[in-house]
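If you want the building blocks of each chain, they are given just below.
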Amino acid sequence: MCGIVGYVGRSEAAPILLDGLRRLEYRGYDSAGVAIVNGTCIETRKCAGRIADLARLMTRHPPVGHYGISHTRWATHGKVTDENAHPHFDASGRIALVHNGVIENYSALREQLEREGGHTFNSDTDTEVLAHLIGSIYQQLNGADSKARLVNATRAALKQVIGTYGIALVHSEIKDFIVGARRGSPLVLGVGRDENFLASDVSAIVAHTRDAVYLNDFDIVAVSRDSFDISSLAGEAGNYQISKVEFGAEDVSKGDFPHYMLKEIFEQPNSVRDAMRGRLDYDECTAKLGGLNMAPADLRDVNRIILTGCGTALHAALVGEYLIEQLANVPVEVEYASEFRHRNTPMSGDTLVFAISQSGETADTLGALRESRRKGFRTLGICNNVASTIARESDGGVYMHAGPEIGVAATKSFTSQVTILALIGLLLGRIRHLSTSQGSRVIEALEALPEQIEQVLKLSDHVRAIAKKYASADGMLFFGRQFNFPVALEGALKLKEITYLFAEGHPSAELKHGIIALVRPDLPSVFIAPDDAVFSKNLNNIEQVKARKGPIIALTSGNGSAHLKNIASDVIEIPCVSDVVAPVLTAIPLQLLAYHLAVELGRDVDKPRNLAKSVTVE
Ligand code: M6R
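Quick caveat: nothing in here was measured; it's all calculated off a predicted structure. (Residues numbered from 1 in each chain as written. Predicted model: local features only at pLDDT ≥ 70, side-chain atom pairs only at ≥ 80, totals over all residues. Heavy atoms only, no water.)

This next bit is on the overall build of the chain. Of regular secondary structure, the chain possesses 19 helices and 26 strands. The C-alpha radius of gyration of the chain comes to 26 Å, within 12% of the 25 Å expected for a compact globule of 618 residues. Viewed in the frame of its principal axes, the chain has a C-alpha envelope of about 80 × 55 × 45 Å. When contacts within the chain are restricted to residue pairs at least 6 apart in sequence, long-range pairs at least 24 apart make up 71% of them. (Helix = DSSP H or I, 4+ residues; strand = E, 2+ residues; numbered from the N terminus. Rg over C-alpha atoms; globule rule 2.2 N^0.38 Å. Contact = heavy atoms within 4.5 Å.)

Okay, here's the thing in structure tokens:
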């Protein structure tokens, strides 16, 4: 979604803003722009296209100044054009504003301004309406202190807004000063020495400072070079704390890898290890998850669990359903976050809800979390981004500690989420019927994972060869059973989003209920068929595809290879692993398959078209 970077300090603002925008590229965008105050004039450069296009524009006509704001736009209102790119100006041309979010009542506000007169709009955006509204109120306010006037005008305008916003604005005649505000869209203040920053995401500013204030909804921040002041929309002094960002600029670089996605795939031995670190209790053969903030008696009382999320997080939740039901015998339901928040899911007092989100900012998941809490249910988060809104608004939870995930395609977050759901299943199981020896077997299976992931990653070249072989296919089907059915969905999602090919994931047995009609000699079927309790059932389905001349890529383990080598066109052999943690291993060859195929097809792997890393609109 849109990204914001603001800077006020002693350095030239342009390179800092541009570097920040580059670091936000992964969020997904279609246009970009900067506004830098030079004396009493605002220099704006903006265009549709990539940051590289903006950089070229800025090289031809370098904007000069020590404070300014910048933006990457992901279109919601108005087409992708230079005019609709941010920043936008008020009627006086003195206030420039960038915005992430949606002003739902922008038409009514625009009509109100048009009735007032003197407002000509140059774009189709909701953002420009907000800039005009702030400017209009600023003109009407009295007072010698122009900084306070701008903050008050922003506050008064935002009180009229229905919708979501993270904003940053500058006034050409108010020196070294930026105003920021948030509601529903993230905004972080970076605190430097003699310089301060605003950004939608710390990764944009972590090269300059690791001291950050994560703003709360309804906060307004007035930022100068050497100070800042946070107040609420109601005008009260804001509560805040300065946190240390856990990662540095090197963690948000590609290192020696050609793409973030590949780097993140190869980080999985460590990210899975970090998801378990300090959470395995060898004496009691259980998991230690203090962040849940629940005593064993509370956990025993839980008689139903709802797991909610979107995209890859939802697929991890589906694995979690199998895991928790198998290990703890507690009924689990998985809900699309976007559906859950709008429907009357029957829930009783002992229902526990988990909102799963890598970014912790996904609007649909946040909406589900808020709805669940509003109804009075204990709602926990499984997030990667420590200071995210979902992490802060939940009643407790488990952090993934996977490190920044920059590639739009979620990879390491999936395996960390599944690992954490296994820990939750183990903990709930041990409080119920799971014996110490069963608990200890789960711990052994979990502990073996990082080493086994290393072995799977060695298959990358083999998977690349398979990807090349099928590069002319116009789609793929993915099948799996039980724990690996959600992996089939995840494999299909990976393929769709970064190759733009048609892909579907199904339970293997569904094949004969309709999907088999799609089978043809040029459409490969990927079967996730490890040597487990349902292998022979999978084998039947594989034979059904083979009989119809469909090419088969089989992902298997143990004795499965011997059965499949004469049936499947291609076999990917992974280590033998316990059923409950199998998805952590089986997902990885599918991530590699999608990655290598996308590279083969010349796709923009880390920034696939139309997609955003953190989906902060509904
Ligand atoms: O940050 P979240 O985990 O809440 O994101 C949820 C989805 O938007 C995300 O998993 C999306 O589906 C990925 N691009 C999939 O690779």
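Going through the model one piece at a time under the given rule, you end up with 0 disulfides. Cysteine Cys 383 shares no disulfide, and the gap to the nearest cysteine sulfur, in Cys 310, comes to 12 Å. Taking the relative accessible area as the measure of exposure, Cys 383 reaches 1% and is therefore buried. (Disulfide = S-S within 2.5 Å. Buried < 20%, exposed > 50% of the residue type's maximum accessible area, 1.4 Å probe, protein only.)

Let us now look at the packing of aromatic side chains. Taken as a whole, this structure holds 5 aromatic pairs when the rule is applied. For the pair Tyr 7 and Phe 197, a centre-to-centre distance of 5.3 Å together with 50° between the ring planes defines the contact as tilted. Note that Tyr 7 is positioned in strand β1 (residues 3–8) and Phe 197 in strand β10 (residues 196–199), a separation of 190 residues in sequence. Here Phe 479 and Phe 527 contribute two aromatic rings whose centre-to-centre distance is 4.9 Å and whose plane-to-plane angle is 25°, an arrangement assigned as stacked. One end of the pair, Phe 479, is in strand β22 (residues 475–480); the other, Phe 527, is in strand β24 (residues 525–528), and 48 residues separate them in sequence. With a relative accessible area of 0%, Phe 479 lands in the buried category. Judged by its relative accessible area of 0%, Phe 527 is buried. One Lys or Arg, Arg 149, reaches over the ring of Tyr 138 and ends 4.1 Å from the middle of that ring. Of note, Arg 609 hangs over the ring of Tyr 500, and the distance from its end group to the ring centre comes to 3.9 Å. (Phe/Tyr/Trp six-rings, centres within 6.5 Å; stacked < 30°, edge-to-face > 60°. Lys NZ or Arg CZ within 6 Å of the ring centre and 35° of its normal.)

Let's shift gears to the site of the ligand. Around the ligand sit 15 residues, and of these Ser 357, Gln 358, Ser 359, Thr 362 and Glu 497 come closest. The contact in question runs from an oxygen atom of the ligand to an N or O atom on the side chain of Glu 497, over 2.3 Å. Isolated, the ligand exposes 410 Å² of accessible area, and the fraction of that covered by the protein chains is 90%. Residues that form the shell around the ligand fall into these classes: 7 nonpolar, 6 polar and 2 charged. Mapped onto the domain boundaries, the shell around the ligand takes at least three residues apiece from domain 2 (254–454) and domain 3 (458–618). (Near = heavy atom within 4 Å. Polar contact = N/O pair within 3.5 Å; in protein donor to acceptor, adjacent residues only side chain to side chain. Areas by Shrake-Rupley, 256 points an atom, 1.4 Å probe, with all protein chains shown as cover. Nonpolar A, V, L, I, M, F, W, Y, C, P; charged D, E, K, R; others polar. Domains from an automatic or database assignment.)

Tallied over the entire structure, the rule returns 29 salt bridges. Lys 175 is the partner of Asp 176 in a salt bridge, and the nearest nitrogen-oxygen pair spans 3.5 Å. Taking the relative accessible area as the measure of exposure, Asp 176 reaches 15% and is therefore buried. By relative accessible area, Lys 175 is classed as exposed at 61%. Residue Glu 333 is joined to Arg 304 by a salt bridge in which the shortest nitrogen-to-oxygen separation is 2.8 Å. Linking Glu 333 in strand β18 (residues 332–336) with Arg 304 in strand β17 (residues 304–309), this pair joins segments that are 29 residues apart in sequence. Taken together, the shared-partner salt bridges in this structure form one network comprising Arg 182, Asp 217, Arg 370 and Glu 393. (Salt bridge = Lys/Arg side-chain N within 4 Å of Asp/Glu carboxyl O.)

Right, let's talk about the domain arrangement of the chain for a bit. For the chain, the domain assignment lists domain 1 (3–251), domain 2 (254–454) and domain 3 (458–618). The interface of domain 1 with domain 3 comprises 11 residues on the first partner and 9 residues on the second. Summed over both sides, the interface between domain 1 and domain 3 buries roughly 860 Å², with carbon and sulfur atoms accounting for 55% of that surface. It is Tyr 26, Arg 27 and Trp 74 in domain 1 that bury the most area against domain 3; as a group they hold 48% of the surface buried on that side. There are 2 residue pairs in polar contact (both at pLDDT 80 or more) connecting domain 1 and domain 3. Of the residues in the side of domain 1 that touches domain 3, the class split is 5 nonpolar, 3 polar and 3 charged. (Buried area = accessible area lost by both parts, 1.4 Å probe.)

With that settled, consider the side chain of Ser 416. Along the chain, Ser 416 turns up in helix α13 (residues 412–431). Residue Ser 416 is classed as buried on the basis of its relative accessible area, which comes to 0%. Aside from chain neighbours lying at most four places away, what touches Ser 416 is Ser 271, Ala 275, Met 400 and Ala 402.

Here strand β9 (residues 188–191) pairs with strand β11 (residues 211–214) via 3 bridges, running antiparallel. Counterpart to Leu 189 in the pairing with β11 is Val 213. Sheet topology places β11 next to strand β14 (residues 243–244); 2 bridges connect them, and they run antiparallel. By the bridge assignment, Asp 211 is partnered in β14 with Lys 244. (Pairing = 2+ DSSP bridges.)

His 86 connects to Pro 87 through a cis peptide bond whose omega is 5°. Among the structural elements, Pro 87 can be located in the loop between β4 (67–73) and β5 (88–89). The phi dihedral of Asn 329 is positive, around 55°, even though this residue is not glycine. With respect to the helices, strands and loops of the structure, Asn 329 is situated in the loop between α9 (311–328) and β18.

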